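This is what each chain is made of:
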Amino acid sequence: MAKVSMGKAAPAGTPEAVAAASSTELGRELVDLAPERPLAAVRARELLSLSGLLLDTPEPVALTALALDGFENPDVRRIRYWTYGQKLLKSDRYVCVIGAFDGVHLGHQELLQRAAHDAAERGDKLAVLTFTPDPADVLAGPTPSSKLLSDEGRVHALLAFDGDGDCPDVSSVVCVDFDREFASLTWTEFASGALGLIFGDEFEDDFEAVFVGSDFRFGAHGEGDLELFQRAGDIRDYDVTGVDLLEQGGAPVTATRIRGLVHAGRVEEAAGLLGRPHMVVGRVEHGRGEGASFGFPTANIVCDLSACVPEQGVYAGFVTVADEDGARRAFPAAINVGLPPSFKGEVPGGTLLEANLIGFDGDLYGSKACVSFVRWLRDSRPFATLEELERTVLGNIDWTSRALGGRGIRIN
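Nothing here was measured: the structure is a model prediction, and the numbers come from that model.

What counts as what
- Residues numbered from 1 in each chain as written.
- Predicted model: local features only at pLDDT ≥ 70, side-chain atom pairs only at ≥ 80, totals over all residues.
- Heavy atoms only, no water.
- 1 Å grid on protein atoms, 1.4 Å probe; cavity = no way out; pocket = protein on both sides within 12 Å on 5 of 7 lines; lining within 4 Å.
- Points joined across faces, edges and corners; volume = space filled by probe spheres on them.
- Nonpolar A, V, L, I, M, F, W, Y, C, P; charged D, E, K, R; others polar.
- Phe/Tyr/Trp six-rings, centres within 6.5 Å; stacked < 30°, edge-to-face > 60°.
- Helix = DSSP H or I, 4+ residues; strand = E, 2+ residues; numbered from the N terminus.
- Buried < 20%, exposed > 50% of the residue type's maximum accessible area, 1.4 Å probe, protein only.
- pLDDT = per-residue confidence, 0-100.
- Contact = heavy atoms within 4.5 Å.
- Pairing = 2+ DSSP bridges.
- Axes fitted to C-alpha atoms, helices over the stretch in contact; angles between N-to-C directions.
- Parallel < 35°, antiparallel > 145°, perpendicular 65-115°, else oblique.
- Left-handed = near helix turned anticlockwise from the far one by under 90°.
- Core = buried A, V, L, I, M, F, W, Y, C linked by side-chain atoms within 4.5 Å.

1. Structural notes on the layout of surface pockets
Gaps left between atoms are located by rolling a probe of water-molecule size over the structure's atoms.
1) Next: The calculated volume of the largest pocket comes to roughly 1100 Å³.
2) Next: Considering the residues around the largest pocket, the lining is formed by 43 residues, among which Gly99, Ala100, Phe101, Asp215 and Phe216 are closest to the centre.
3) Next: Here the residues of the lining of the largest pocket sort into 21 nonpolar, 13 polar and nine charged.

2. A closer look at the packing of aromatic side chains
What characterises a pair of aromatic rings is the spacing of the ring centres plus the angle enclosed by the ring planes.
1) Next: Taken as a whole, this structure holds 15 aromatic pairs when the rule is applied.
2) Next: Each ring, one from Phe207 and one from Tyr238, has its centre 4.6 Å from the other, and the planes form 55°; the classification is tilted. Linking Phe207 in strand S6 (residues 207-213) with Tyr238 in the loop between helix H10 (226-236) and strand S7 (239-243), this pair joins segments that are 31 residues apart in sequence.
3) Next: Look at Phe207 and you get buried, because its relative accessible area is 1%.
4) Next: Judged by centre distance (5.1 Å) and plane angle (85°), the rings of Phe331 and Phe360 are edge-to-face. In this pair, Phe331 is assigned in strand S13 (residues 328-337) and Phe360 in the loop between strand S14 (351-357) and strand S15 (368-379), connecting sequence segments 29 residues apart.
5) Next: On the basis of relative accessibility, which here comes to 6%, the residue Phe331 falls in the buried class.

3. Quick word on the confidence of the model for the protein chain
In low-pLDDT segments, the atomic positions of the prediction should not be examined closely.
1) Next: Looking at the protein chain, the pLDDT average stands at 87 and 85% of residues meet or exceed 70.
2) Next: Scored below 50 in pLDDT, residues 1-23 makes 46 contacts in the model with residues more than four places away or belonging to other chains.

4. Things to note about the pairing of strand S5 (residues 170-177)
1) Next: When you tally the buried positions in S5, you get eight out of eight residues, the bulk of the element.
2) Next: Taken together, the five bridges between strand S2 (residues 78-85) and S5 define a ladder with antiparallel strand orientation. Residue pairing in the sheet places Thr83 in a bridge with Val174 of S5.
3) Next: Taken together, the seven bridges between strand S4 (residues 125-132) and S5 define a ladder with parallel strand orientation. Directly across from Thr130, in S5, lies its bridge partner Cys175.

5. Some words on the packing of helix H9 (residues 187-198) against H10
1) Next: At their nearest, the axes of H9 and H10 sit 10 Å apart, and the two run at 45° to each other. Classified by the interaxial angle, the pair formed by H9 and H10 is oblique. For the pair H9 and H10, the crossing hand works out as right-handed. Residues Trp187, Phe190, Ala191, Ser192, Leu195 and Gly196 of H9 form the contact with H10, whose own contacting residues are Leu228, Phe229, Ala232 and Arg236.
2) Next: Across the contact of H9 with H10, the residue classes tally to seven nonpolar, two polar and one charged.

6. A short note on the packing of helix H11 (residues 255-263) against helix H12 (residues 267-274)
1) Next: Two numbers describe how H11 lies on H12: the axes approach to 7 Å, and their chain directions differ by 155°. One element, H11, and the other, H12, form an angle in the roughly antiparallel class. In the packing of H11 onto H12, the handedness of the crossing is left-handed. In this structure, H11 contributes Arg257, Ile258, Leu261 and Val262 to the contact, and H12 contributes Val267, Glu269, Ala270, Leu273 and Leu274.

7. Concerning the nonpolar core
1) Next: Counting residues in each nonpolar core, the largest one holds 49 residues, and the members touching the most others are Val97, Leu126, Val128, Val173, Phe211 and Phe318.
2) Next: Top element by residues in this core is helix H5 (residues 106-122). It accounts for five residues.
3) Next: Apart from residues lying up to four places away in sequence, Leu126 is in contact with Val95, Val97, Leu112, Ala115, Ala116, Phe161, Pro168, Asp169, Val170, Ser171 and Ser172.
4) Next: Of all hydrophobic cores here, the second largest spans 34 residues; its members include Leu66, Leu129, Leu195 and Phe229.

Encoded structure:
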C-alpha cells in the first residue's frame, strides 16, 4: 500500500502543527492519530454525537410574529421568530444568552456554561436568542464556504448543550428572523423593546439576566455595546453580563479563526477549538463512477456552497447516515474534497465531497449525510497513471481503516 504523505504547510503530524494544536487535548489527540494509535470506538461515538442530529431538520414548537407599535422607527412593523425546544411560558423565568453562535465552538460553550451557572443560582431556565440568517449575511452579503454550521445545525448544537452538574441545559432556542427591517432597530428598541416583547410583554420581562460576549454589538449600525446594554438593563431591571472571549493557544477562540483553520486544511486544530470534528452536511448524488471501476465505490456528497469546507485534499474522517430503521451510524471514510485533478468533468451545483465509506454496504442515493473531518492525509494532486491513483487511494483507505476502524459506529 502507498504511504500517506505528510508534506504540507503546517501539516498534521509536523512539530509546527503539534505546537499550534496543543491548545487543547482534542487537537493533540487528532494530530497523534495513527494506525498504531487508533481512535477508540467509544471516543469516536462521543466526538460524533452531533453528527446524527444534523441529519434531521429541527421542528419549531412555535412561530410568532409580533406587531411593534410605538417604536421610533416607522419602518419597523413586526418581529418574527421561531422557538425550538420548549415554548416560552409566562410562568417561567429565564436567563437569556444572545449571539450568532456559528459553530457553537468552545468560546460559545464557555458563554453558555457561565449563563447556566447563573440560571442555576437563580432557579431559572436557560434560553438562547440567535438570528437567522446570520446578521453578517444580511449586512455584508453571503460569503461562500463560510458557515461552520447551517442555521438548522446551530439549533441542534445549542439544544444539545449539556450544563455542568446541576446547571440547566438549554430549554429554548429563539431564532429571530434577521432581515433589513429588524436590522434597522435602534439599540434602545432592541434592548428595551424587542427583547422584552419576545421574553414577556411591554409591561414585564420574563427574563432576569442576559449574557453576551464582551464584544457584542447590536442595534442599527452596531451602535449598541455592552455598556449601553447594561444601562438598558438597569432601566428594565435585568442584569447584563459580558463574558470575555475564551483564549486557546494564545489567541481568542472565534468563528473567524476556526474558518481560517478549516480553509487551510488544518482540521485537527479546528476540532480542538470546536470541541468536536468539523462537520458538513450534504446529500448523496450520482457521481462520475470511476471509483467503482477500481473496486472502491464512493459516496458523492454535494453540500451547499455556503458550508465551510477544507481546502482541496484528502482527509480521514467519518460519514454519518441513517439506517432504514432510523438509527444513525458513522462509517470511517477517506474523503476527497473537490473534483480530483486526475479526472475531468464539471463541478456540481455545490461543493463536492467524495467519500470512500469503510464497512458500508447499501444504497445512499438521495440520502442526507454528515461528513466529519478528523485528520488531514494528503494534498490533492494529479496522477500519471490509473495504477498510481488506485495504489494511493487504497493506501489512504487502509490508513483510515486502521486508524479509525473498519466498520460503522452506531451514534444513537
